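Below, each chain spelled out in residue letters.
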Amino acid sequence: MSPAARLRGLKPDWFSDPKVWRTEVLAGLVVALALIPEAISFSVIAGVDPAMGLFASFTMAVTIAVVGGRRAMISAATGAVALVIAPLNREHGLGHLVAAVILAGVFQVVLGALGVAKLTRFIPRSVMVGFVNALAVLIFMAQVPEMRDVPWEVYPLIIGGLALMVFFPRITTVIPAPLVSIVILTVVTVAAGIAVPTVGDKGELPSSLPVPGLPDVPLTFDTLTTIAPYAFAMALVGLMESLMTAKLVDEITDTHSDKTRESVGQGIANIVTGFFGGMGGCAMIGQTMINVKVSGARTRLSTFLAGSFLMVLCIVFGPVVSDIPMAALVAVMVMVSFATFDWHSIAPKTLRRMPAGEIGVMAITVAAVVTTHNLAIGVVVGSITAMVIFAKRVAHLARVHTVLDPDGTTVVHRITGELFFASSNDLVGQFDYAGDPDRIVIDLSEAHVWDASSVAALDTIETKYAQRGKTVEITGLNDLSADLHGKLTGELAGSH
């Protein structure tokens with residue numbers, strides 16, 4: 001391959017394709033506009049100046065665009081992170097909060113390097129569907145306060161914005177419908193002098209770029225023990241939300257992403273954000289959906305530009321951005337919530353075919369997220385519920401089939417199924433210790449021994465027969481089961 005051909009291969013998609021370039025640029029602009037009120041709101045939750053949330057959104061997006069593992073995903077200041085660090089800011093001040101953001105980034109780099117991303121494979125599909133639906137509900141619920149106790153003009157503006165986003169794509173898809181909606185509603189409200197809540201009402205926009213610096217905290221062990229619990233919680237919440245979002249984007253775009261790189265990238269982005277005085281963050285699912293699903297972005301350029309445009313809009317076009325009616329952004333987020341919700345998952349036809357356990361897991365995940373307003377908690381609760389249901393279902397598959405030899409001197413107990421803690425506990429009670437003949441064969445050729453609980457159960461069965469002067473022979477163990485049984489049999493305290 002010639003050097004020129006190799007160079008062309010290294011160029012990103014948008015470098016030489018004007019259509020891709022236009023899509024990515026416009027998507028970045030739409031996301032930047034949607035980020036401003038969100039970042040300000042999350043700053044309020046964390047109890048910090050709005051500039052800290054906006055700086056965090058800028059540095060997170062720009063950094064993750066370079067070091068992240070999932071193209072087109074948006075990372076910025078988030079509500080989940082704000083909820084975790086808010087108590088630290090209230091009790092110990094801003095310096096400790098910034099230090100915690102940096103330490104959280106370090107934790108994320110370490111966890112990413114240790115392979116924590118591989119744990120996402122244990123998240124069942126029903127939890128994933130529940131996560132997506134709960135996200136859609138949360139996005140919609142977050143817009144409700146913007147529709148309460150407001151001038152009546154807000155409602156027709158929201159309806160108009162929704163109508164534009166539904167019908168404008170039928171005319172052309174060259175310009176993203178959300179951007180058209182925001183521009184038209186802003187022009188209408190300003191030109192007609194309609195007094196409705198605007199972005200400027202959320203807080204003052206910064207007038208200069210963030211400056212790097214060290215957190216104002218004493219570098220002592222006491223500081224470390226104070227911030228460590230908050231930093232670790234932030235690291236876990238941020239990673240879980242980011243990895244789940246990456247998995248969702250993988251499905252939407254039908255492409256693969258490097259989850260380990262994404263985990264480490266999130267850490268690097270938070271470290272950079274902390275040194276620039278930001279409040280930290282993680283992947284933003286709502287803004288990612290705007291970027292990927294609504295605007296059609298697919299490359300790192302849209303993520304980079306979302307952060308860059310955010311600062312340009314705040315510093316250069318602050319007065320114009322401040323005039324954007326909140327109704328326009330509410331309409332965009334309502335459309336995102338409807339597009340995000342998996343309507344197929346609650347269709348009567350789907351529910352009739354779906355196992356009750358799967359429906360239950362999905363409902364519990366949604367309920368946990370909506371109740372706590374924390375996506376990470378919902379995923380953990382949903383996954384644990386799914387595991388319990390799975391263990392209960394598989395436990396019932398272990399069966400004992402008994403065959404007595406014609407001469408009456410030997411009985412063969414053939415065990416089928418998976419032997420683990422949930423199924424093996426019931427195994428001991430399925431034998432007739434007093435009534436069986438003197439020789440017992442336990443045939444495990446159609447079973448698999450998974451854990452120490454099963455080995456202990458087999459030891460207990462042998463002991464109960466031995467107490468009655470009977471001999472037990474265990475046969476048919478596959479290689480893995482035989483290896484585990486050989487290591488543990490007779491060594492487990494309380495098995496005899």
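Residues numbered from 1 in each chain as written. Predicted model: local features only at pLDDT ≥ 70, side-chain atom pairs only at ≥ 80, totals over all residues. Heavy atoms only, no water.

Enquirer: Can you help me understand the packing of helix 9 (residues 221-253) against helix 11 (residues 285-294) in this one?
Expert: Two measures define how a pair of helices packs: the angle their axes make with one another and the distance between the axes. At a minimum axis separation of 11 Å, helix 9 and helix 11 run at an interaxial angle of 20 degrees. With respect to helix 11, the axis of helix 9 lies roughly parallel. Once helix 9 is placed against helix 11, the crossing between them reads as right-handed. Every residue of helix 11 that contacts helix 9 at E241, T245, L248, V249, I252 and T253 is listed here: I285, T288, M289, V292 and K293. Across the contact of helix 9 with helix 11, the residue classes tally to six nonpolar, three polar and two charged. (Axes fitted to C-alpha atoms, helices over the stretch in contact; angles between N-to-C directions. Helix = DSSP H or I, 4+ residues; strand = E, 2+ residues; numbered from the N terminus. Parallel < 35°, antiparallel > 145°, perpendicular 65-115°, else oblique. Left-handed = near helix turned anticlockwise from the far one by under 90°. Contact = heavy atoms within 4.5 Å. Nonpolar A, V, L, I, M, F, W, Y, C, P; charged D, E, K, R; others polar.)

Enquirer: Is there a simple way to think about the environment of F420 in this case?
Expert: Tracing the chain through its elements places F420 in the loop between strand 4 (410-419) and helix 18 (421-427). As for F420 and H448, which are separated by 28 residues in sequence, their C-alpha atoms are 8.5 Å apart.

Enquirer: Would you explain the sheet that holds strand 3 (residues 399-404) in this entry?
Expert: Hydrogen bonds along the backbone pair up the strands of a sheet, which may run parallel or antiparallel. Spatial ordering of the open sheet is given by 3-4-5-6, a layout of four strands whose pairing is mixed. Looking at strand neighbours, the two that pair on one side only are strand 3 and strand 6 (471-475), the edges of this open sheet. Strand after strand, the sheet turns through a mean of 20 degrees between neighbouring axes, direction not considered. Packed on one face of the sheet, helix 19 (residues 452-466) meets strand 4, strand 5 (439-449) and strand 6 and runs near 175 degrees to strand 5. (Pairing = 2+ DSSP bridges.)

Enquirer: I would appreciate a short explanation of the packing of aromatic side chains in the present structure.
Expert: For any two aromatic rings, the description comes down to two numbers: the centre-to-centre distance and the angle of the planes. In the structure shown here, the tally under the stated rule is eight aromatic pairs. A centroid spacing of 6.5 Å and a plane angle of 90 degrees characterise the contact between F140 and F338, whose relative ring orientation is edge-to-face. On the criterion of sequence distance, the pair formed by F140 in helix 6 (residues 125-143) and F338 in helix 14 (residues 326-340) is long-range, its members being 198 residues apart. Overall, F338 belongs to the partly exposed group, its relative accessible area being 44%. Through a chain of ring-to-ring contacts, the aromatic side chains of F140, F338, F341 and W343 assemble into a single cluster. (Phe/Tyr/Trp six-rings, centres within 6.5 Å; stacked < 30°, edge-to-face > 60°. Buried < 20%, exposed > 50% of the residue type's maximum accessible area, 1.4 Å probe, protein only.)

Enquirer: In this structure, what is going on with the nonpolar core? I would like to understand it.
Expert: General note: in soluble globular proteins, nonpolar side chains tend to be found buried as a group. Counting 103 residues, the largest nonpolar core has I36, L54, L97, M279, I290 and L310 as its most contacted members. Broken down by element, the residue count for this core peaks at 12 residues, all from helix 2 (residues 18-46). Excluding residues within four positions of it along the chain, L97 makes contact with V48, M52, I85, L88, N89 and M279. Counting residues in hydrophobic clusters, the runner-up holds 20 residues, among them A398, I440, V449 and Y465. (Core = buried A, V, L, I, M, F, W, Y, C linked by side-chain atoms within 4.5 Å.)

Enquirer: Can you help me understand unusual backbone geometry in this one?
Expert: With the exception of glycine, the majority of residues adopt a negative phi angle, and the majority of peptide bonds are in the trans configuration. Despite not being glycine, D149 has its phi angle at roughly 50 degrees, a positive value. For D149, the position within the fold is in the loop between helix 6 and helix 7 (154-171). Backbone geometry at D254 places phi at a positive 55 degrees, although glycine is not the residue there. The residue D254 is located in the loop between helix 9 and helix 10 (259-275) in this model.

Enquirer: Explanation requested: helix 12 (residues 300-315) in the structure shown.
Expert: Owing to its 3.6 residues per turn, the α-helix aligns residues three or four sequence positions apart on the same side. Here helix 12 spans 23 Å end to end across 16 residues, near enough to the 22 Å set by a 1.5 Å rise per residue. L301, S302, T303, L305, A306, G307, S308, L310, M311, L313 and C314 are the residues of helix 12 that are buried. The secondary structure elements touched by the buried residues of helix 12 are helix 2, helix 3 (50-67), helix 11 and helix 13 (318-322). You can read the cap of helix 12 off the contacts: a side-chain oxygen lies 3.2 Å from the backbone nitrogen of L301, and it is on T299. (Expected span 1.5 Å × (residues − 1). Polar contact = N/O pair within 3.5 Å; in protein donor to acceptor, adjacent residues only side chain to side chain.)

Enquirer: Got a minute to help me understand the pattern of salt bridges in this structure?
Expert: Side chains bearing opposite charge may pair, as long as their charged atoms lie close to each other. Counted by the stated rule, this structure contains six salt bridges. K202 is paired through a salt bridge with E146; the nearest N and O atoms lie 2.4 Å apart. Taken as a pair, K202 in the loop between helix 8 (177-192) and helix 9 and E146 in the loop between helix 6 and helix 7 lie far apart in primary sequence, 56 residues in all. Given the relative accessible area of 25%, K202 is considered partly exposed. Residues K259 and D250 are paired through a salt bridge, measuring 2.4 Å at the closest nitrogen-oxygen approach. The network of salt bridges with shared partners includes R70, D250 and K259. (Salt bridge = Lys/Arg side-chain N within 4 Å of Asp/Glu carboxyl O.)

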